[in-house]
Amino acid sequence: MMRNFLTVSDVMTRDVITVEKDTPYKAVAAILAEHHISAVPVRDVFGRVVGVVSETDLLRKEEFQRSPRHTVHLAHRKAHSKAEALTPEQLMTSPAVTVEGGCTLDEAARLMAARGITRLVVTDGGKLVGIVARSDLLSAYLASDQETLARVRRDVIERHLWDDPRAVDVSVVDGVVTLTGQVEKRSTAAVAEQLIAAVDGVIAVRNQLTWAFDDTARAPGGVFY
């Protein structure tokens, strides 16, 4: 039976503010300020997302306002060109980095880290359906201990510890899961710790399980039991 991981669609912002490629610079700045957001997707005339423009892009104008082009170091020429931009088409980072809504939170986090970005455009069959930021990915850790405990019981204890789930006691305090009780095999205790550590919202696992049979022990002659 499949486990229920949180996905991008569970935590993303669905009502996405967007701008057109030719929206004036000042209007873009006003939109970011009005809606208390740090970036907006940019659409073309067909409604397709073609890029993202952020506060960082807009601030290039302030950064290089008193720096003539001929004094700007070659490595900064691209940033300086954004300082001269008047529309999102000239400002935006393109193409936009996108994910599907079914992407798991850890997959989204790895993509953000790999690309050095703080948000992803969420699409469904190429259609814009949301935007997810780094802060959204942390929402799993904002769940109450009761919610995390329910996930652990549902996704691991009841589905994978099929010998006798009632033999395992689980408690959660500040996102840290403690396991006590006895399982039949030592390998089961190890697998339980591994699976629980992968549950959304779990900070750490304290594995205090004991076992009736050590199935990882090496028998005489080098053969495992």
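Residues numbered from 1 in each chain as written. Predicted model: local features only at pLDDT ≥ 70, side-chain atom pairs only at ≥ 80, totals over all residues. Heavy atoms only, no water.

Enquirer: Would you take a moment to explain the pairing of strand S8 (residues 176-185) for this structure?
Expert: Within a regular strand, side chains alternate between the sheet's two faces. Of the pairings in the sheet, the one linking strand S7 (residues 168-173) to S8 comprises six bridges and is antiparallel in character. By the bridge assignment for S8, Val-170 is matched with Leu-179. As consecutive antiparallel partners, S7 and S8 are separated by two residues, and within that stretch Asp-174 has a phi angle of approximately 55 degrees, a positive value. One ladder, built from four bridges, connects S8 with strand S9 (residues 204-207); its direction is parallel. Residue Val-177 lies in a different strand from S9, and its bridge partner there is Val-205. Handedness of the S8-helix H9 (residues 186-197)-S9 crossover: right-handed. Of the strand pairs in this sheet, S8 and strand S10 (residues 210-213) are connected by three bridges, and their pairing is parallel. Following the sheet pairing, Lys-185 is matched in S10 by Phe-213. (Pairing = 2+ DSSP bridges. Helix = DSSP H or I, 4+ residues; strand = E, 2+ residues; numbered from the N terminus. Right-handed = clockwise from strand over helix to strand, strands pointing away.)

Enquirer: What should I look at first to understand the sheet that holds strand S3 (residues 49-54) in this one?
Expert: Whether parallel or antiparallel, the strands of a sheet pair through hydrogen bonds between backbone atoms. Strand order in the open sheet formed by three strands is S1-S2-S3, with mixed pairing between adjacent strands. Two strands close off the open sheet at either side, each with one partner strand: strand S1 (19-20) and S3. Both S1 and strand S2 (residues 39-43) contribute to a ladder of two bridges, which runs parallel. Each bridged residue has a counterpart across the sheet, and for Val-19 the counterpart in S2 is Val-42. Helix-sheet contacts for helix H2 (residues 25-35) involve S1, S2 and S3, and the interaxial angle to S2 is about 135 degrees. (Contact = heavy atoms within 4.5 Å. Axes fitted to C-alpha atoms, helices over the stretch in contact; angles between N-to-C directions.)

Enquirer: Whenever I open this one, the nonpolar core confuses me. Can you help?
Expert: Nonpolar side chains in soluble globular proteins tend to be buried together. Formed by 18 residues in total, the largest nonpolar core has its most connected members in Val-152, Ile-157, Val-168, Val-177, Leu-179 and Ile-196. It is H9 that provides the largest number of residues to this core, a total of four residues. Leave out the neighbours within four places in its chain, and Ile-196 touches Val-152, Val-156, Ile-157, Val-177, Leu-179, Val-202 and Val-205. Val-97, Cys-103, Leu-120 and Ala-140 belong to the second largest nonpolar core, which has 15 residues in total. (Core = buried A, V, L, I, M, F, W, Y, C linked by side-chain atoms within 4.5 Å. Buried < 20%, exposed > 50% of the residue type's maximum accessible area, 1.4 Å probe, protein only.)

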